[in-house]
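Analysis of the macromolecular model
Chain by chain, the residues run as shown.
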Amino acid sequence: MKEISGDIKYVGVNDHDIDLFEGQYVVPRGMAYNSYLVKDEKTLVFDTVDARFGEEWLANIKSEVGDAQVDYLVVQHMEPDHSANVELFAERYPNATIVASAQAFVMMKNFFGTDFSDRRIVVKEGDTLSTGRHVFTFVAAPMVHWPEVVVTYDAADKVLFSADGFGKFGANDVVDPEGWDCEARRYYIGIVGKYGPQTQALLKKAAGLDIRTICPLHGPVLSTPEEIAHAVAQYDTWSSYSVESPGVCIAYTSVYGHTKAAVAKLKEMLLAKGCPKVAVSDLARDDQPEAVEDAFRYGRLVLATTTYNMDIFPWMRHFIDHLVERNYQNRRVGLIENGSWAPNAAKVMKGMFEKSKGLTFCDTVVTIKSALGAESEAKLAQLADEILKD
Ligand code: FEO
């Protein structure tokens, strides 16, 4: 993926050493920090890379420009996975001008102690910058994923430099057997999921552009009409909180296996009733961002947990917090609680969604007193019917 177009080159890096991306996401196939170089009458670079890869990135640039100077560094996003090497770049290319939004320069002052006031161009929505053949138009994309973000459209080659938008977990030098969707979804829902309306606003702006290539700051470049149409459609679904796939997500915690047994029984009932997919997550053991992703992917969610200190099991609290803070909405929700002497978990779980919009809770609440019995199993069958209702 060295060459994006005749004079746009890939100069990003792959990270296989990272333990947790953004301090919380496991990335078993590594991570890519993308950067692009435009060789025109003037030379321009889009974004830097993570702190640990500064020299590798500068070497990539040097392999394209040799000892020549770079004229511009565009900083579309100030999160350190992209901006950590702005100062290093500024030292190495002392004649370069730094191009970013006003808010990005405020963040540079906070991060680096300088806002490059003697060598900068402040850009806002609709501003343009020409490097010769290329004319770049800056498009504000606040909260996709931070407030200072701009994305950039190149009218010459019809390229959208989309910052975090359309990004994906995974390095670019390994093949993801699951394709684009799975890790792009986990990335979007986990990282940008709270900002659906802002992503919708960006999609509306992008709809007015003739885009032949999308160059995100993570993951592969999208370069065929099919890839672009699919990614845009997926972003529209995710950012409008629409249901992507038919099926039920079940998220549970279980201390001694009894709640787990009820979940297994429910899964069996749902499949027997024709449910096309039941995605089950053990919140103590499985990847939580995968479970969060599934909750948003499917239109129906069942939560099953134990009563614990008259509250709920900690992993379930953590999970519901993740849903609520990402504006979880427009879904049907069923609740299963377990409690050996004073079951209270369903009430606590429902209470946590008090401010959420568009959730329909099933009337049937399954209460398990220690272990599944005839009465609770009958309730489980009732819940299976209710969660599948149209
Ligand atoms: Fe890839 Fe919001 O940083």
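Residues numbered from 1 in each chain as written. Predicted model: local features only at pLDDT ≥ 70, side-chain atom pairs only at ≥ 80, totals over all residues. Heavy atoms only, no water.

Further remarks concern the packing of aromatic side chains. As enumerated under the stated definition, the model contains 23 aromatic pairs in all. When the ring of F169 is compared with that of Y187, the centres are 5.3 Å apart and the planes differ by 75°; the resulting orientation is edge-to-face. Here Y187 lies in helix α5 (residues 181-192) and F169 lies in the loop between β15 (159-161) and α5, a separation of 18 residues in the sequence. We classify F169 as buried; its relative accessible area is 0%. For Y187, a relative accessible area of 0% corresponds to the buried category. With a centroid separation of 6.1 Å and an interplanar angle of 15°, the aromatic rings of W180 and W238 are classed as stacked. Note that W180 is positioned in the loop between β15 and α5 and W238 in helix α7 (residues 225-239), a separation of 58 residues in sequence. (Phe/Tyr/Trp six-rings, centres within 6.5 Å; stacked < 30°, edge-to-face > 60°. Helix = DSSP H or I, 4+ residues; strand = E, 2+ residues; numbered from the N terminus. Buried < 20%, exposed > 50% of the residue type's maximum accessible area, 1.4 Å probe, protein only.)

What follows is about the pairing of strand β8 (residues 43-46). A two-sided burial pattern is seen for β8, the buried positions comprising T43 and V45 on one face and L44 and F46 on the other. As paired strands, β8 and strand β9 (residues 72-74) are joined by three bridges and run parallel to one another. The residue bridging V45 from the neighbouring strand is L73, located in β9. Each parallel crossover has a hand, and for β8 linked through helix α1 (residues 54-65) to β9 it is right-handed. (Pairing = 2+ DSSP bridges. Right-handed = clockwise from strand over helix to strand, strands pointing away.)

Moving on, we come to the side chain of D282. Considering the arrangement of structural elements, one finds D282 in strand β18 (residues 278-282). By relative accessible area, which is 7% here, D282 ends up buried. In this structure the side chain of D282 is engaged in a polar contact, spanning 3.0 Å, whose partner is the backbone nitrogen of A284. (Polar contact = N/O pair within 3.5 Å; in protein donor to acceptor, adjacent residues only side chain to side chain.)

Core analysis: the biggest nonpolar cluster contains 91 residues, and F21, I61, F89, M108, L303 and F319 have the highest contact counts within it. At six residues, the largest contribution of residues to this core is made by α5. When residues of this core are assigned to domains, at least three fall in each of domain 1 (8-239) and domain 2 (248-388). Those residues in contact with F319 that lie beyond four places of it in its chain are A251, L283, Q288, A291, V292, A295 and L303. (Core = buried A, V, L, I, M, F, W, Y, C linked by side-chain atoms within 4.5 Å. Domains from an automatic or database assignment. Contact = heavy atoms within 4.5 Å.)

This part covers the pattern of salt bridges. Taken as a whole and judged by the stated rule, the model has 25 salt bridges. In this structure, R29 and E178 form a salt bridge, with 4.0 Å as the shortest nitrogen-oxygen distance. A residue pair is termed long-range when its members are at least 10 positions apart, and R29 in the loop between β5 (25-26) and β6 (31-33) and E178 in the loop between β15 and α5 qualify at 149 residues. On the basis of relative accessible area, E178 is assigned to the partly exposed category, the value being 46%. With a closest N to O distance of 3.3 Å, D127 and K124 form a salt bridge. A cluster of three or more residues bridged by salt bridges with shared partners is formed by R29, K168, D176 and E178. (Salt bridge = Lys/Arg side-chain N within 4 Å of Asp/Glu carboxyl O.)

With that settled, the discussion passes to the domain arrangement of the protein chain. Split by domain assignment, the protein chain resolves into domain 1 (8-239) and domain 2 (248-388). Using C-alpha coordinates to define each centre, domain 1 is positioned 38 Å away from domain 2. Taken together, the contact pairs eleven residues of domain 1 with eleven residues of domain 2. Interface area for domain 1 against domain 2, summed over the two sides, is near 960 Å², with a carbon-plus-sulfur share of 52%. Where domain 1 packs against domain 2, one counts two salt bridges. One salt bridge connects E293 with R185, and the closest N-O pair in it is separated by 2.8 Å. Where domain 1 meets domain 2, there are six residue pairs in polar contact (both at pLDDT 80 or more). At the level of secondary structure, the elements contributing two or more residues to the side of domain 1 that touches domain 2 comprise β5 and α5. With six residues, α5 is the largest single contributor of residues to the side of domain 1 that touches domain 2. Within the side of domain 1 that touches domain 2, the residues separate by chemical class into four nonpolar, three polar and four charged. (Buried area = accessible area lost by both parts, 1.4 Å probe. Nonpolar A, V, L, I, M, F, W, Y, C, P; charged D, E, K, R; others polar.)

Now for helix α11 (residues 345-352). All of the buried residues in α11 are A345, A346, V348, M349 and M352. All buried residues of α11 project into a common sector of 165° when viewed along the axis, lining one side. (Arc of directions from axis to C-beta.)

What follows concerns the sheet that holds strand β1 (residues 3-5). Spatial strand order, β1-β2-β7-β8-β9-β10-β11: seven strands in an open sheet with mixed pairing. In the strand order of this sheet, the two ends are held by β1 and β11 (120-122), each with one partner. Strand-to-strand, the axes of this sheet are offset by a mean angle of 20°, without reference to chain direction. Pairing of strand β7 (residues 36-39) with β8 involves four bridges; the strand directions are antiparallel. Opposite L37, over in β8, you have V45 as the bridge partner. Against the sheet, α1 contacts β2 (8-10), β7 and β8, and its axis sits at roughly 20° relative to β7. Across the face of the sheet, helix α4 (residues 102-112) comes into contact with β10 (97-100) and β11 while running at roughly 120° to β10. (Axes fitted to C-alpha atoms, helices over the stretch in contact; angles between N-to-C directions.)

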